[in-house]
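Remarks on the overall topology
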Amino acid sequence: MRQAPNIIVTGTPGVGKTTHCESLAERTGLRHVSVNQVVKDKQCHEGWSDEFQSWIVDEDKLLDAIEDDVAAGGCIIDWHACDLFPRSWIDLVVVLRVDSSTLYDRLKARNYAEAKLQENLDSEIMEVLLQEAREAYDEEVVIELTSNTSDEMESNIDRIEAWVRQWKADNSQ
Ligand code: DAT
């Protein structure tokens with residue numbers, strides 16, 4: 001039995017996953033697990049893809065690398081995919097959403113190449129990550145939150161923090 005819940009914060013690049021996770025970790029004491037960082041640090045990849053401008057993730061290696069940490073509970077997993085994690089590991093899946101124009105500005109500020117920018121905008125418009133989350137997890141585990149403004153982010157953090165508190169109360173022996 002976990003002493004603290006495991007949460008995935010997912011969504012298209014630029015929606016605000018890292019910003020949310022860092023703030024949440026500070027507020028809740030849960031650990032921010034940046035999958036990007038784990039993939040790089042623990043070499044859970046099969047090399048770099050020039051086409052996608054990202055690491056080609058070896059999912060088995062990644063799951064092995066984080067398994068012990070996640071089994072202990074209290075992880076906030078920050079990653080633009082969620083369906084690779086076993087359902088039994090995860091207590092809440094937060095899918096962050098943003099308006100296209102906001103996402104465009106954020107990705108532009110990151111100097112994304114036009115093709116990659118467009119691919120991510122399409123993915124956000126088509127709700128790819130939301131669908132993935134809904135297919136991979138039970139309905140009540142998945143929540144969709146908007147992340148266009150700092151006020152929305154504040155309210156998201158408050159809401160998730162309250163959820164963590166409730167989870168701990170419900171699961172204490
Ligand atoms: P991700 O980890 O999903 O790629 P991020 O946390 O790095 O996204 O955020 C991308 C940029 O957008 C970064 O400059 C912070 C800003 N940002 C994120 N969420 C925001 C919000 N709700 N309101 C205003 N700016 C936000």
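Here, every reference points to the structure presented above.
Remember, predicted model here, so these are calculated numbers, not experimental data. (Residues numbered from 1 in each chain as written. Predicted model: local features only at pLDDT ≥ 70, side-chain atom pairs only at ≥ 80, totals over all residues. Heavy atoms only, no water.)

Our focus in this paragraph is the packing of helix α4 (residues 100-109) against helix α5 (residues 114-125). Each pair of packed helices can be described by the angle between their axes along with the distance between the axes. Two elements in contact, α4 and α5, have axes separated by 10 Å at closest approach and are oriented at 150 degrees. Taken together, the axes of α4 and α5 are roughly antiparallel relative to one another. In this structure, α4 crosses over α5, and the sense of that crossing is right-handed. Facing α4, whose interface residues are Ser100, Leu103, Tyr104, Leu107 and Lys108, α5 presents Glu114, Leu117, Asn120, Leu121, Glu124 and Ile125. Residue classes in the contact of α4 with α5 are distributed as six nonpolar, two polar and three charged. (Axes fitted to C-alpha atoms, helices over the stretch in contact; angles between N-to-C directions. Helix = DSSP H or I, 4+ residues; strand = E, 2+ residues; numbered from the N terminus. Parallel < 35°, antiparallel > 145°, perpendicular 65-115°, else oblique. Left-handed = near helix turned anticlockwise from the far one by under 90°. Contact = heavy atoms within 4.5 Å. Nonpolar A, V, L, I, M, F, W, Y, C, P; charged D, E, K, R; others polar.)

Let's shift gears to helix α7 (residues 150-171). Think of an α-helix as 3.6 residues a turn; residues three or four steps apart then line up on the same face. For α7, with 22 residues, the first-to-last C-alpha span of 31 Å sits near the 32 Å given by 1.5 Å per residue. All buried positions along α7 are accounted for by Met153, Asn156, Ile157, Ile160, Glu161, Val164 and Trp167. Looking down the long axis of α7, one finds its buried residues gathered within 130 degrees of arc, a one-sided arrangement. Away from the buried face of α7 by more than 90 degrees, exposed residues Asp151, Arg165, Ala169 and Asp170 are located. (Expected span 1.5 Å × (residues − 1). Buried < 20%, exposed > 50% of the residue type's maximum accessible area, 1.4 Å probe, protein only. Arc of directions from axis to C-beta.)

Let us now look at the packing of helix α1 (residues 17-28) against α7. One way to put it is that α1 packs onto α7 with a least axis distance of 10 Å and a crossing angle of 45 degrees. Here α1 is positioned oblique relative to α7, judged by the angle of their axes. Relative to α7, α1 is oriented so that their crossing is right-handed. Seen from α1, the contacting residues are Thr19, His20, Ser23, Leu24, Arg27 and Thr28; seen from α7, they are Met153, Glu154, Asn156, Ile157, Asp158, Ile160, Glu161, Val164 and Lys168. Classifying every residue of the contact of α1 with α7 by side-chain character gives five nonpolar, five polar and five charged.

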